[in-house]
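# Working through the structure, step by step
One letter stands for each residue in the lines below.
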Amino acid sequence: MKKLIAFLLVLVMMLCVAACAPTETPGADNNPSSGSSTPSSSAGTSSGDNTDITGVMTHAQYLAAGENDPVEIEAYVQATQSWYNGAIVIYAQDKSYGGYFGYNIPCSEEDAAKLVPGVKINIKGYKTFYKGMPEIASDGAVLTILEDEDTFVAYAEILTEDLGKQELVNHAGKFAAFQGLTVKAITFKNDEPGDDIYVDFTLGDATYSFCVERYLTDPETDIYKKFVDGKINVGDIVDVYGFVYWYDADEDASGDGINTHITKITKVG
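Residues numbered from 1 in each chain as written. Predicted model: local features only at pLDDT ≥ 70, side-chain atom pairs only at ≥ 80, totals over all residues. Heavy atoms only, no water.

## Some thoughts on the layout of surface pockets
To locate leftover empty space, one rolls a probe as large as a water molecule over the atoms. The test is simple: A 1.4 Å probe that fits but cannot get out identifies a cavity on a 1 Å grid over protein atoms alone, an open set with protein on both sides within 12 Å along at least five of seven lines counts as a pocket, and a residue lines either if it has an atom within 4 Å of a point. Grid points are joined across faces, edges and corners, and a volume is the space filled by probe spheres set on the points. Secondary structure counts use DSSP, requiring at least four H or I residues in a row for a helix and at least two E residues in a row for a strand, with both numbered from the N terminus.
Quantified by volume, the largest pocket comes out at close to 700 Å³. As for the largest pocket, its lining consists of 26 residues, of which Gln-81, Asp-196, Glu-213, Tyr-245 and His-261 are closest to the centre. Of all the secondary structure elements, the ones that give two or more residues to the lining of the largest pocket are strand E2 (87-93), strand E3 (99-106) and strand E10 (206-212).

Written out as structure tokens, the structure reads:
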């Protein structure tokens, strides 16, 4: 009798385990929280393996994302750096004027030619920080060009009063203007024209280092030639336009990590 009772108990336990075991459909996504937006129409989707995205984010949600968190954004191309080796660097903004910086996003050369200012795109990827700069990393990134959508080219947002503040990093990737700066120093990388140009500006007692990024504005562009031809000199008072970039910010978060990629300068004095 005892053996029969023991046998029945074991049988009941086995039935309970079987009832509680999870079911899974081969090849199906069994994560109920996963999913992504579906563009109305698209072309030029790059290869990638990002499967952890939860849908298109607002800019506030993107800012709140942490290191290596999955992100998905829809925004409008404002500029790109030169396509190279199957990837491209993208400066983008949404209509709320939230900025994004995509670093070496996988992209064919054919699709890179379509990334003109105003074109709407979707990027799925992972958020990382390089020297304090928030960016969508190349690894796992998937770029989709959204065709037959509206276009949008942003005006420069005046951010002069934010210079020296840590909060300025929240504008990374945005097209911005900084007014009434004085040129303090001009330095060519490798001591001669052809590569990046480093430009220091002062405002009050503070100094800020910007950059003419060779792969964004190459030696044939007007802004690059202004420095080579001596049309911009130390002592000039200028308004500076470009894309907010952040580099090597101090650990004390003093806000002096600004390294805007310059696209235009106008003299004001």
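That covers the picture; the talk isn't over yet.
## Some details on empty space enclosed by the protein
What counts, and what does not: Note that Gly is not counted as nonpolar here; it falls among the polar residues with everything else outside the nonpolar set of Ala, Val, Leu, Ile, Met, Phe, Trp, Tyr, Cys and Pro and the charged set of Asp, Glu, Lys and Arg.
Under the definition given, this model contains 1 cavity of 30 Å³ or more. Here the largest cavity defines a volume of roughly 30 Å³. Taken together, His-59, Tyr-62, Leu-63, Gly-99, Tyr-100, Phe-101, Pro-134, Val-169, Asn-170 and Ala-172 make up the lining of the largest cavity. Listed by contribution, the elements that provide at least two residues to the lining of the largest cavity are helix H2 (59-64) and E3. In the lining of the largest cavity, the residues fall into 7 nonpolar, 3 polar and no charged.

## What to know about the packing of aromatic side chains
Filter applied, for reference: Centre distance within 6.5 Å is the pairing criterion for rings of Phe, Tyr and Trp, where only the six-membered ring of Trp is used; planes under 30 degrees apart are then read as stacked, over 60 as edge-to-face, and the remainder as tilted. Type-normalised accessible area, obtained with a 1.4 Å probe on protein chains alone, sets the label of each residue: buried when under 20%, exposed when over 50%, and partly exposed for intermediate values. We call a charge positioned over a ring when the NZ of a Lys or the CZ of an Arg lies within 6 Å of the ring centre and within 35 degrees of the ring normal.
Under the counting rule described, the total for this entry stands at 10 aromatic pairs. Centroid distance Tyr-76 to Phe-152: 5.5 Å. Interplanar angle 70 degrees. Geometry classified as edge-to-face. In this pair, Tyr-76 sits in strand E1 (residues 70-80) while Phe-152 sits in the loop between strand E6 (142-145) and strand E7 (157-158), placing the two residues 76 residues apart along the sequence. The pair Tyr-76 / Phe-152 is uniform in exposure class, with both members buried. An aromatic cluster is built from Tyr-91, Phe-101, Phe-175, Phe-243 and Tyr-245, whose rings are joined through pairwise contacts. The ring of Tyr-62 has Lys-127 sitting right over it, with the charged end atom 4.8 Å from the ring centre.

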